[in-house]
Amino acid sequence: MQAVTAIEDRRFFEHGGVNYVRLIKCAVQDTLSRRMNCGGSTLTQQLAKNFFLSPEKTISRKIAELMITYQLESRFSKQQIFEMYANEINIGQRGSYAVNGFGEAAQAYFGKDLRQLNLDECALIAGLIQNPNRRNPYRHPDRATERRNVVLDSMVETGSITAAEAERAKAEPLHLAPPNIDASEAPYFVDLVHDQIVQRLGDSDTARSGSLRIYTSLDPDLQRAASEAVEVGMRNVDELVRKHHKKGDTSAITYPQVALVALNPHTGQILALVGGRNYGVSQLDHATAERPTGSIFKPFVYATAYNSSLEGTAVEGGSVFTALTKINDDPQDFGTNGQSYTPGNFERGEYPGMVTAATAIEHSLNIATIALAQMIGYNNVATLAHSAGIVNAKATPSMAIGTYSATPIDMAGAYTVFANGGVHLKPWLLASVRNPNGDIVADFAPEAKQVLDPRVAYLTQSLMEGVIARGTASGVRKHGFLAPAAGKTGTSHDAWFAGYSSNLLCIIWVGNDDYTDVKLQGADAAAPIWAEFMNRAIRLPQYSDMKNFTPPEGVQTLSINRATNMPVDESCSSDSFNAAFLVGTAPQGTCSRMGEDTQALGDRLLNGANLNPGNGNVSPGTPLNNGMPNPTGAIPANRNNPQPVPSNNQPAPSEPVKHRNPFQKLFGLGKDKDKQPPPPPPQ
């Protein structure tokens, strides 16, 4: 009490609820500065404002505050008013919950009962009252310490303590309780854990005992980074929403919701999860809500196209699919069953005519992507999507641009296919449940399944690196995140961003609960939140080592001249970009010395012409499996008769030793070292 009255209201026990001298002084100060930031309120006025009124600073609100103050002073004693104040005043935030009252503050910051606090701890709590978030002792210990010392000096001035006692208290460092994550800091995550325990253990006595030890995947440091990134990012989203709100429109502004899911791409463990912008307002976990995926689905179209290249199947134009394959982006009708379907690009009229696959995904071109899906077979794309956990995808033209729904958690799992060498990992958050004696009640093993050849996963990832380097997601670089990364923006009625580094995968979703169009692009709404989160994550020691992506055997990366789409040489190296190719599919020659095309070289090879080890192209119809059996879930080349994806990995049959023919020697096919072992189980 002495600390609070010394810093907030020294004449609390003397005035009748209003300190008129202080009130007049603040009125003059605010008038001269044209800002209403002078703190002239007494404890009773603060109680009236916090308990009955909004925090807005207006004349009408101040008059109402004064009227309520007089009523409080007439009906209650000073001790009763202080008790109500002590239980009501906001003293900060822990996760999604506010810390209200001195008792909660004592537990939140020191892990103690209020009666156990010493002098410096009492002064710290009293100092937080004025601006608790700005002086949060966990985030801003210097500010909190400075304010604590001001409170101690005020206590000396009021005679509550001696100068010597104040100096001893000032010398004390902050003895804060460990910032453990609890339900208030990761409420959506905790709800999911609870639901899974009930689902897996049922309504048993063990599940209801209340004394279980539950081990989860959550990383407290990363969870705090996620919460902070969402808080910062949604301020930007709200500002964009206000700018888009038409002047003169009297309808209420709808502010979007948000979800963030971060996981380890090599184990599938959910490290951080934010299911909404405020758990106290809405307990709906948007991380588990199904929404149309938009363009973050498109990489699965390109991965399916690369799958066809493994079998040597030609797309239109007579060559196997590569990053430089030309696709028609002109308006066209993709209708089926007599129904017309003529989609457009997000920006009408952009990139007309034939564009490369790299350009199509970098700039998220709808028409070109649907055209590619049509070439390789909608069924094949849907089969891969199902194998990656996007179970609602149906083999229709609109599927290619993400019209079917999935949850942010589903999409996080789906993107492990690209980030983890073709292995799909089902996201998990519950590791083990044990009783108070440490005995195992239940252990939960992660689920892993190979659904793509590692080369296909890397090639698709390389395209998404281009999205960040020079495409729709290039804004993440402007936000300061410079580590190697791959990702894809998405815009439907909602805004999405899916991206990852070598050690961290994160999905961002922004949208309205009523399914109305958020009218924001993924690049503007979701990608900045992703960049904010990744910038915070890379500063944590456990995520600081974000490395370059390593290509698997059988993939080569070349620098391509943009004007000619040919490998660069010394005469044309200025305007170029990097592109990855299956060995044997890269263009021949250089930008200044054009080589023969893939079809011609393939014809020579198949017709028995002289083999030239300097040429590495492969004709359509030539498998590029390098002796590796197709992984479970790899899409078959026959677009008309897609095969169902097995649910479990099947062991590859043993093969007799064969002598390699000249064709195999040329491309390194048939070697034992090219056979890929099955993926190890996740850690």
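The model shown is predicted, which means the values in this text are computed figures rather than measured ones. (Residues numbered from 1 in each chain as written. Predicted model: local features only at pLDDT ≥ 70, side-chain atom pairs only at ≥ 80, totals over all residues. Heavy atoms only, no water.)

Attention shifts here to the nonpolar core. L222, F300, Y415, W530 and F533 are the most contacted members of the largest nonpolar core, which has 136 residues in total. With nine residues, the top contributor of residues to this core is helix α11 (residues 220-244). Among residues more than four places away in sequence, those in contact with W530 are I468, V476, F481, A485, F497, G499, Y500, C506 and I508. In this structure, F82, Y85, I91 and V151 belong to the second largest nonpolar core, which totals 36 residues. (Core = buried A, V, L, I, M, F, W, Y, C linked by side-chain atoms within 4.5 Å. Buried < 20%, exposed > 50% of the residue type's maximum accessible area, 1.4 Å probe, protein only. Helix = DSSP H or I, 4+ residues; strand = E, 2+ residues; numbered from the N terminus. Contact = heavy atoms within 4.5 Å.)

All right, on to the pattern of salt bridges then. Oppositely charged side chains are able to pair whenever their charged atoms sit close together. For the structure on display, the rule yields 16 salt bridges. Residues R224 and D221 are paired through a salt bridge, measuring 2.9 Å at the closest nitrogen-oxygen approach. Taken together, the residues R224 and D221, both in helix α11 and three residues apart, mark about one turn of the helix. Exposure remark for R224: the relative accessible area of 21% places this residue in the partly exposed category. One salt bridge connects D545 with K547, and the closest N-O pair in it is separated by 3.6 Å. With a relative accessible area of 48%, K547 lands in the partly exposed category. (Salt bridge = Lys/Arg side-chain N within 4 Å of Asp/Glu carboxyl O.)

Take the state of the cysteines next. Scanning all chains against the criterion turns up one disulfide. With its sulfur 1.3 Å from that of its partner, C572 forms a disulfide with C591. Note on the C572 and C591 pair: the S-S dihedral is about 45°, so by sign convention the disulfide is right-handed. Highlighted residues: C572 in the loop between β18 (566-567) and β19 (576-582) and C591 in the loop between β19 and α21 (598-606), separated in sequence by 19 residues. (Disulfide = S-S within 2.5 Å.)

Our focus in this paragraph is the sheet that holds strand β14 (residues 486-491). Spatially, five strands are ordered β5-β4-β16-β15-β14 in an open sheet, and the strand pairing comes out antiparallel. Every other strand in the sheet has two partners, leaving β5 (270-274) and β14 as the edge strands with one partner each. If you compare each strand with its neighbour and ignore which way they point, the axes differ by 5° on average. Relative to strand β16 (residues 505-511), strand β15 (residues 495-500) is paired through six bridges, and the arrangement is antiparallel. Paired with G499 across the two strands is C506, which belongs to β16. Sheet contacts for α11: β4 (257-263), β5 and β16; angle to β5, the most-contacted strand, approximately 35°. (Pairing = 2+ DSSP bridges. Axes fitted to C-alpha atoms, helices over the stretch in contact; angles between N-to-C directions.)

With 10 of its 11 residues buried, helix α14 (residues 366-376) lies for the most part within the structure. For α14, the full list of buried residues reads N366, I367, A368, T369, I370, A371, L372, A373, M375 and I376. The elements touched by buried residues of α14 are α12 (299-310), β7 (326-328), β8 (354-356), α13 (357-362) and α15 (378-387). Looking one or two residues past α14, G377 carries a phi angle of roughly 105°, positive in sign.

Once that is clear, we can look at the side chain of E65. Its place among the elements puts E65 in helix α4 (residues 59-75). If we ignore the near neighbours within four places in the chain, the residues touching E65 are S41, Q45, A48, K49 and L53.

It is worth spelling out the side chain of S398 at this point. Position of S398 relative to the elements: it lies in the loop between α15 and β9 (405-406). A distance of 3.0 Å separates a polar atom in the side chain of S398 from a polar atom in the side chain of T403. When sequence neighbours within four positions are dropped, the list of residues in contact with S398 reads Y341, T403 and Y404. (Polar contact = N/O pair within 3.5 Å; in protein donor to acceptor, adjacent residues only side chain to side chain.)

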